[in-house]
Amino acid sequence: CQSYPDEIIHSDEMQVIMAQSAQWAGAVGIRANGPIQIKKIKEKVDLPLIGLYKMWFENTDVFITPTLQGARDIIEAGADIVAMDCTFQINQDGRRAIELLPEFKKEFPNVPVFADVSNIEEAREAVIQKKQRISKARITVCLRTSAVN
């Protein structure tokens, strides 16, 4: 349940309706963008919610929950799982995006991560970093086949 401001279906209410429709149709989870939409969806839909916070910076293509504050915001809004960019792309701070993962797991050791990656090497590193931390939360890896390295 994600849309952009320039799309005709963009409104917080429409995202809630889409999430409700998905639940009615048998979905077992919802993926939603931003604290406002996550909060509104969680008020109306009783499904696990993968939250992400798309944030754009001029000097990078990393935009899926690229900051720790963004992760905090969507957790506070009700995200059960946090989706974040775990690629080797350089983020707005000049680091590989995946380097945010250990910081996130240190602050939120029990929150599951949905690691967006673009190749098998990034997936391996996300899993290795998870194993290096003492954590009960899982990391699920999502391979983006359209990503360019």
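Worth saying up front: this structure is predicted, and the values here are computed from it rather than measured.

Undergrad: In this structure, what is going on with the pairing of strand S1 (residues 30–33)? I would like to understand it.
TA: In regular strands, side chains alternate between the two faces of the sheet. By the bridge criterion, four bridges tie S1 to strand S2 (residues 49–52) in an arrangement that is parallel. What sits directly across from Ala32, in S2, is Gly51. Note on the crossover from S1 through helix H2 (residues 35–44) to S2: the handedness is right-handed.

Undergrad: I'm lost on the nonpolar core in this one. Help?
TA: Note on soluble globular proteins: their nonpolar side chains tend to be buried together. Membership of the largest hydrophobic core comes to 28 residues, with the highest contact counts inside it found for Ile30, Ile38, Ile41, Leu49, Met84, Cys86 and Phe104. At the level of secondary structure, the elements contributing two or more residues to this core comprise helix H1 (12–24), S1, H2, helix H3 (68–77), strand S3 (81–85), helix H4 (100–107), strand S4 (113–117) and helix H5 (120–132). The element that contributes the greatest number of residues to this core is H3, accounting for four residues. In contact with Leu49, other than residues within four places in its own chain, are Ile30, Ala32, Ile38, Ile41, Lys42, Ala79, Asp80 and Ile81. Ile50, Leu52, Ala83 and Phe114 belong to the second-largest nonpolar core, a separate cluster that totals five residues.

Undergrad: Sorry if this is basic, but what is going on with the packing of H1 against H2 here?
TA: The description of two helices packed together rests on the angle between their axes and the distance between the axes. For the pair H1 and H2, interaxial distance at closest approach is 9 Å and the crossing angle is 45°. Judged by the inter-axis angle, H1 sits oblique to H2. When you trace H1 past H2, the crossing you get is right-handed. Of the residues in H2, those touching H1 at Asp12, Gln15, Val16, Ala19, Gln20 and Gln23 are Ile36, Gln37, Lys40, Ile41 and Lys44. Taken together, the residues of the contact of H1 with H2 break down into four nonpolar, four polar and three charged.

Undergrad: Please clarify how unusual backbone geometry should be interpreted in this entry.
TA: Trans peptide bonds make up the majority, and among non-glycine residues the majority have a negative phi. For Thr65, which is not glycine, the phi torsion reads 45° and is therefore positive. Relative to the elements of secondary structure, Thr65 occurs in the loop between S2 and H3. The buried category is assigned to Thr65, whose relative accessible area is 1%.

Undergrad: Got a minute to help me understand H4 in this structure?
TA: One turn of an α-helix holds 3.6 residues; hence residues three or four places apart share an orientation. Looking at H4, one finds that the buried residues are Leu100, Leu101, Phe104 and Lys105. Relative to the axis of H4, the buried residues are bounded by an arc of 130° and lie together on one face.

Undergrad: Can you walk me through H1 in this structure?
TA: The end-to-end C-alpha separation of H1 is 18 Å, in line with the 18 Å expected for 13 residues at 1.5 Å each. Of the residues making up H1, those classed as buried are Gln15, Val16 and Ala19. The buried side chains of H1 occupy one side of the element, clustering within an arc of 100° when seen end-on. For H1, exposure combined with an orientation more than 90 degrees from the buried face picks out Glu13 and Trp24. Here the buried face of H1 lies against S1 and H2. Just past H1, the residue Gly26 takes up positive phi, approximately 110°.

Undergrad: Looking at this model, I keep getting lost on the packing of H2 against H3. Mind explaining?
TA: Where H2 meets H3, the closest approach of the two axes is 8 Å, and the angle between their N-to-C directions is 20°. With respect to H3, the axis of H2 lies roughly parallel. H2 and H3 meet at a crossing whose hand is right-handed. Within the contact between the two elements, H2 uses Pro35, Ile38, Lys39 and Lys42 and H3 uses Asp73, Ile74 and Ala77. Split into classes, the residues belonging to the contact of H2 with H3 amount to four nonpolar, no polar and three charged.

Reading the values: the criteria
Residues numbered from 1 in each chain as written. Predicted model: local features only at pLDDT ≥ 70, side-chain atom pairs only at ≥ 80, totals over all residues. Heavy atoms only, no water. Pairing = 2+ DSSP bridges. Helix = DSSP H or I, 4+ residues; strand = E, 2+ residues; numbered from the N terminus. Right-handed = clockwise from strand over helix to strand, strands pointing away. Core = buried A, V, L, I, M, F, W, Y, C linked by side-chain atoms within 4.5 Å. Buried < 20%, exposed > 50% of the residue type's maximum accessible area, 1.4 Å probe, protein only. Contact = heavy atoms within 4.5 Å. Axes fitted to C-alpha atoms, helices over the stretch in contact; angles between N-to-C directions. Parallel < 35°, antiparallel > 145°, perpendicular 65-115°, else oblique. Left-handed = near helix turned anticlockwise from the far one by under 90°. Nonpolar A, V, L, I, M, F, W, Y, C, P; charged D, E, K, R; others polar. Arc of directions from axis to C-beta. Expected span 1.5 Å × (residues − 1).

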